[in-house]
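One letter stands for each residue in the lines below.
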Amino acid sequence: MRLAIIADIHGNADALNAVLTDVRQQGVDRLIVNGDVVNRGPDSVEVMETLLDWPDVSFSLGNHDDLLRLWDARSGQLPLDWFADPVWGATDWSARQLDAAGLLHVPDQWPMVLTVSQPGMPDVRIAHGTADHYRESLSERTPVARVQVLRSQGAGEAGVLVGSHIHRPAQAIIDGTLVLNTGAVGAPANRDPRAQYLMLSASAQGWIPEFRAIPYDRQGVLRRFETSGLLDTGLSAQIFRDEVISARSLYTPFWQWTEEGNHPRTPATWALFLRQFE
């Protein structure tokens, strides 16, 4: 049994296609998509259609998959001032693209957590964040007590915990549990611009992880930020494009900086942020 666990594609079709080509070449038996298929990049419709056409694929729910549905519904789960804030223009654009294609509500039935059970092997528990919340990160920094809780959730105790969300690969043995993070296909944040995913292979020694990093030409997706109209939606689209170029997390630290300093989120403050943290 070989599993490919991919996540954080974020509307980047070129990165996804590079990974899926590698998945075929590796002879993977099952594909698991661990959330955040859509949003941020220009290709949300294309990546959703591509993955839905893949044989033997399972999905878990990511925060961006859920965000677009909540955004479209003007859900009270989101702060009301977000809907009038132009910084959310890229999110609105992606939600409208998916809705027009009839794909916005495809994630309605995606679970928060998946468990892979293979005879003679430890259970593998997979969630975008964790089973409790899709924004809870899982990595070598996860406290022992938290790992103990997470591995005991569900029908049986898991020997392997797999998360995504933080956009960088991670691996650790914590209290006897193999803790892994897939890294990101479409928007890595570890300064490596290649499309990254996790492969798990069953062996007599247990599950063997392998982190794959696949080169691809980024010029296509960067060009589509402009030609699709996404870049015209404002500042957030520009930041998302800069993240693809730099392979660094920029949007989240910028957001935190504006919150802590009570700054508006504008092109001027974005330029100030870049100068201050160059």
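Predicted model only: the values in this text are computed from it and were never measured.

Novice: Just to check I follow, could you spell out helix α5 (residues 144–152) for this structure?
Specialist: One full turn of an α-helix is made of 3.6 residues, so residues set three or four places apart face in the same direction. Residues of α5 that are buried include every one of Val 147, Leu 150 and Arg 151, and no others. Axial view of α5: buried residues confined to an arc of 95°, hence all on one face. Taken together, the buried residues of α5 touch β5 (123–127), β6 (158–163), β7 (169–174) and β8 (177–182). Directly beyond the C-terminal end of α5, a positive phi value near 100° is found at Gly 154.

Novice: It is not clear to me how empty space enclosed by the protein should be interpreted in this structure. Could you clarify?
Specialist: Regions of empty space are outlined by a rolling probe, equal in size to a water molecule, passed over the atoms. One pass over the structure, following the stated rule, counts two cavities of 30 Å³ or more. If you list the elements that add at least two residues to the lining of the largest cavity, you get β5 and β6. Of the residues forming the lining of the largest cavity, the biggest block, three residues, is contributed by β5. Among the residues forming the lining of the largest cavity, the class breakdown is eight nonpolar, three polar and one charged. For the second largest cavity, the calculated volume is near 60 Å³. Of all the secondary structure elements, the ones that give two or more residues to the lining of the second largest cavity are α6 (219–227) and α7 (235–246). Here the residues of the lining of the second largest cavity sort into seven nonpolar, four polar and two charged.

Conventions we followed
- The residue numbers shown here count from 1 along each chain, following its written sequence.
- Only residues with pLDDT of at least 70 get local features here, since the model is predicted, and only at 80 or more are side-chain atom pairs given and counted; chain-wide, interface and lining totals rely on the full set of residues.
- Values shown for side chains rest on all heavy atoms present in the structure; no hydrogens or waters enter the calculation.
- A simple rule labels every residue: compare its accessible area, found with a 1.4 Å probe on the protein chains alone, to the largest value its type can have, and call it buried under 20%, exposed over 50%, or partly exposed in between.
- Going along the chain from the N terminus, every DSSP run of H or I of four or more residues is numbered as a helix, and every run of E of two or more is numbered as a strand.
- The directions from the helix axis to the C-beta atoms are what the arc is built from.
- We call two residues in contact whenever any of their non-hydrogen atoms come within 4.5 Å of each other.
- Cavities and pockets were defined on a 1 Å grid built over protein atoms only: a cavity is a set of grid points that admits a 1.4 Å probe from which the probe cannot escape, a pocket is an open set flanked by protein on both sides within 12 Å along at least five of seven lines, and lining residues are those with an atom within 4 Å of any such point.
- Grid points are joined across faces, edges and corners, and a volume is the space filled by probe spheres set on the points.
- Following the grouping adopted for this structure description, the nonpolar residues are Ala, Val, Leu, Ile, Met, Phe, Trp, Tyr, Cys and Pro, the charged ones are Asp, Glu, Lys and Arg, and the polar ones are all others, Gly among them.

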